[in-house]
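In case you want the letters, here they are:
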Amino acid sequence: MAVEFEFSAGENFHFTSAFANRFGAAVKEERVFLPDFLGDGFIQEVYPGVGFSLCIHNYILKEEFVLKRLPSSSNDTLTFKFDCRTDFKGNGLENGSFFSAKNTFEVEFSTGNFFTELVIPKDVSIRFLVISISRETLLDLLHLKEGSSTENLLKNNKSFVLHEEMNLQMQQTLKEITTIDDTTRLATLLYQIKAHELIYQLFAKLIARSESKVIPIDQADAEQIYLAKTLILNDLSVPPELVKLSEDIGMSLTKMKQLFRQVFGDSIYNYYQTARMNEAARLLQYLSVSETGYQLGFSNLSHFARLFEKFHKIKPKRFKEELKNSGAVKAVYQSVS
């Protein structure tokens, strides 16, 4: 049975203190170390500036662990969740958990008034970061163009959730954050710089999205639109049927298409094709080109090869050959540019 930890991140809440009290965990130099029965590793909170904090998870669990964050009553605090795991078991179909099983390198940016539940598996290397920041602090940091959709989103105090895949730069920056410790010179300043790098890297992607009016989103909307994502990723061999998908999640077709693009930054079909090609790159580590194409629903292997090359700038046969010769190409499927 999974170990659960439920918390509400209100004012003056410290995750590590609450975690240590709940599990009788040892605290040393701002890190709380997992008790032996739960796993090996640590959780650390860092406060590099006013209205700004980091919570770093770096561990391997012996037991499945469920984190339940209760919704806050205020929209003022915003959270960035940078998730870089070697594997992950999501359960979005059951309870609306925002992270899915297919994409393990992802970031979610949202207001803090959503209930979220993360099911973290055992025997998996976890590298996971939450940045909490006030709207005012973030706006001062970004200096956004006045009247832009992004500035309006941050200023209007409405609920929202935005999702992006982590590119290789983000993954590397997150890895660098987890290596900072008490022996690092000017560690607090370095935490701040690296956190700013992650925020920059994310907003460089968000601002590149097409400008459009933002629709406020509530808990039910978020769960429905993430359910749509889960259903799309469940079987990448079959293109999503939009009418059926809207019926399955209980949302109108027009609203579903608009909210999906707003949350994930792309149309449903483009999102599906990108996930499909990333899965193809992963499968080519183990399967032949033809087996990969057929498994992903391609009856025409020439079409599969053309589409793969369009996405990854390399033919699937050449990609597989380079995988055999070097592990360097493996990183391609981890990033969506």
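Throughout, a residue's number is its position along its own chain's written sequence, starting from 1. The model is predicted, so local features are restricted to residues of pLDDT at least 70 and side-chain atom pairs to those at 80 or more, both for listing and for counting; the totals for chains, interfaces and linings are taken over all residues. Only hydrogens and water are set aside when side-chain values are computed; all heavy atoms of the structure are taken into account.

In the annotation of an unreviewed UniProt entry, the chain is listed under the name Helix-turn-helix transcriptional regulator and assigned to Dyadobacter subterraneus.

> Explanation requested: the overall build of the chain in the structure shown.
Each helix is a run of H or I in the DSSP string that is no shorter than four residues. Each strand is a run of E no shorter than two, and both are numbered from the N terminus. If you tally the helices and strands in the chain, you get 13 helices and 11 strands. The globule rule puts the C-alpha radius of gyration for 337 residues at 20 Å, and the 20 Å found for the chain is close to it. Using a 1.4 Å probe on the protein chains alone, a residue whose accessible area is under 20% of its type maximum counts as buried, one over 50% counts as exposed, and one in between counts as partly exposed. By residue count, 51% of the 337 residues in the chain fall in the buried class. Nonlocal contacts in the chain, meaning residues at least 24 apart in sequence, comprise 69% of its contacts between residues at least 6 apart. All tallies of charge rest on Lys and Arg as positive and Asp and Glu as negative; His and the ends of each chain are not included. Charge positions come from single atoms, namely NZ of Lys, CZ of Arg, CG of Asp or CD of Glu. Across the chain, the centroid of the 38 positively charged side chains sits 7 Å from that of the 42 negatively charged ones. In this setup the radius of gyration rests on C-alpha atoms only. A globule is expected at 2.2 Å times the number of residues raised to 0.38. Contact criterion: two residues are considered in contact whenever any of their non-hydrogen atoms come within 4.5 Å of each other.

> I keep staring at helix α6 (residues 187–207) and nothing clicks. Help me out?
Residues spaced three or four apart along an α-helix point in a common direction, a consequence of the helix completing one turn every 3.6 residues. Between the first and last C-alpha of α6 there are 30 Å, a value that for 21 residues agrees with the 30 Å anticipated at 1.5 Å per step. Those residues of α6 that sit buried are Ala187, Tyr191, Lys194, Ala195, Leu198, Ile199, Gln201, Leu202, Phe203, Lys205 and Leu206. The span one expects for a helix is its residue count, reduced by one, times 1.5 Å.

> Sorry, what's going on with the sheet that holds strand β6 (residues 65–70) here?
Taken in spatial order, the three strands make up an open sheet running β1-β6-β9, and their pairing is mixed. If you trace the sheet from one side to the other, it starts and ends with β1 (3–8) and β9 (116–120), each paired once. Mean inter-strand twist for the sheet, computed between neighbouring axes without regard to direction, equals 15°. Here β6 runs beside β9; their pairing, made up of five bridges, is antiparallel. Bridged to Val66 within β9 is Val119. When DSSP locates at least two bridges between a pair of strands, those strands are taken to pair. Helix axes use the C-alpha atoms of the stretch in contact, all axes being lines fitted to C-alpha atoms, and the angles between their N-to-C directions lie in the range 0 to 180 degrees.

> Can you walk me through the pairing of β6 in this structure?
Along a regular strand, successive side chains alternate from one face of the sheet to the other. The buried count for β6 comes to five of six residues, which makes it a mostly enclosed element. Relative to β6, β1 runs parallel, the two sharing six bridges. Bridge pairing in β6 places Val3 opposite Phe65.

> Mind showing me how you'd approach the environment of Glu309 here?
Turning to its location among the elements, Glu309 is positioned in helix α12 (residues 301–312). Here Glu309 falls in the partly exposed class, since its relative accessible area comes to 31%. Each C-alpha atom of the pair Glu309 and Phe319 lies 9.4 Å from the other, and the pair is 10 residues apart in sequence. The residues contacting Glu309, other than those within four sequence positions of it, are Ile314 and Lys315.

> What is the right way to read the pattern of salt bridges from this model?
A side chain of one charge can pair with a side chain of the opposite charge when the charged atoms of the two come close. A pair is scored as a salt bridge if a Lys or Arg side-chain nitrogen falls within 4 Å of a carboxyl oxygen belonging to Asp or Glu. Scanning the entire structure with this criterion turns up 13 salt bridges. Taking the shortest distance from any N to any O, the salt bridge between Lys315 and Glu309 comes out at 3.2 Å. Accessibility expressed as a relative area gives 49% for Lys315, which makes it partly exposed. Three or more residues joined by partner-sharing salt bridges are found here, namely Glu164, Lys205 and Arg209.

> Looking at this structure, I do not really get the packing of helix α8 (residues 242–249) against helix α9 (residues 253–264). What am I missing?
In helix packing, the relevant descriptors are the interaxial angle and the interaxial distance, both defined with respect to the helix axes. Two elements in contact, α8 and α9, have axes whose closest approach is 9 Å; the angle formed by their N-to-C orientations is 90°. Comparing the axis directions of α8 and α9 gives the class roughly perpendicular. Of α9, the residues touching α8 (which contributes Leu242, Val243, Leu245, Ser246 and Ile249) are Leu253, Met256 and Lys257. Here the word oblique covers every angle except those under 35 degrees (roughly parallel), over 145 (roughly antiparallel) and from 65 to 115 (roughly perpendicular).

> What am I meant to see in the UniProt feature "domain: HTH araC/xylS-type" (unreviewed entry) in the chain here?
Here the UniProt-annotated "domain: HTH araC/xylS-type" (unreviewed entry) positions come out as residues 226–322. From the first C-alpha to the last, residues 226–322 spans 35 Å; its make-up is 73% helix and 0% strand. UniProt positions are given in the numbering used here, feature names are shortened, and annotations may be inferred rather than shown by experiment.

> Looking at this structure, how should I read the sheet that holds strand β5 (residues 52–61)?
Strands in a sheet are paired, the pairing made by backbone hydrogen bonds, and the direction either parallel or antiparallel. Here we have eight strands laid out as an open sheet, ordered β2-β3-β4-β5-β10-β7-β8-β11, and antiparallel in their pairing. Across the chains shown, the open sheet's two edge strands, defined by having one partner strand only, are β2 (26–28) and β11 (161–165). Here the strands of the sheet are splayed against their neighbours by 15° on average, with no regard to which way each runs. When β2 meets strand β3 (residues 31–33), the two strands line up antiparallel, connected through three bridges. Note that in β3 the partner of Lys28 across the bridge is Arg31. Set on the sheet, helix α7 (residues 219–234) makes contact with β8 (105–111) and β11; between it and β11 the angle comes to about 25°.

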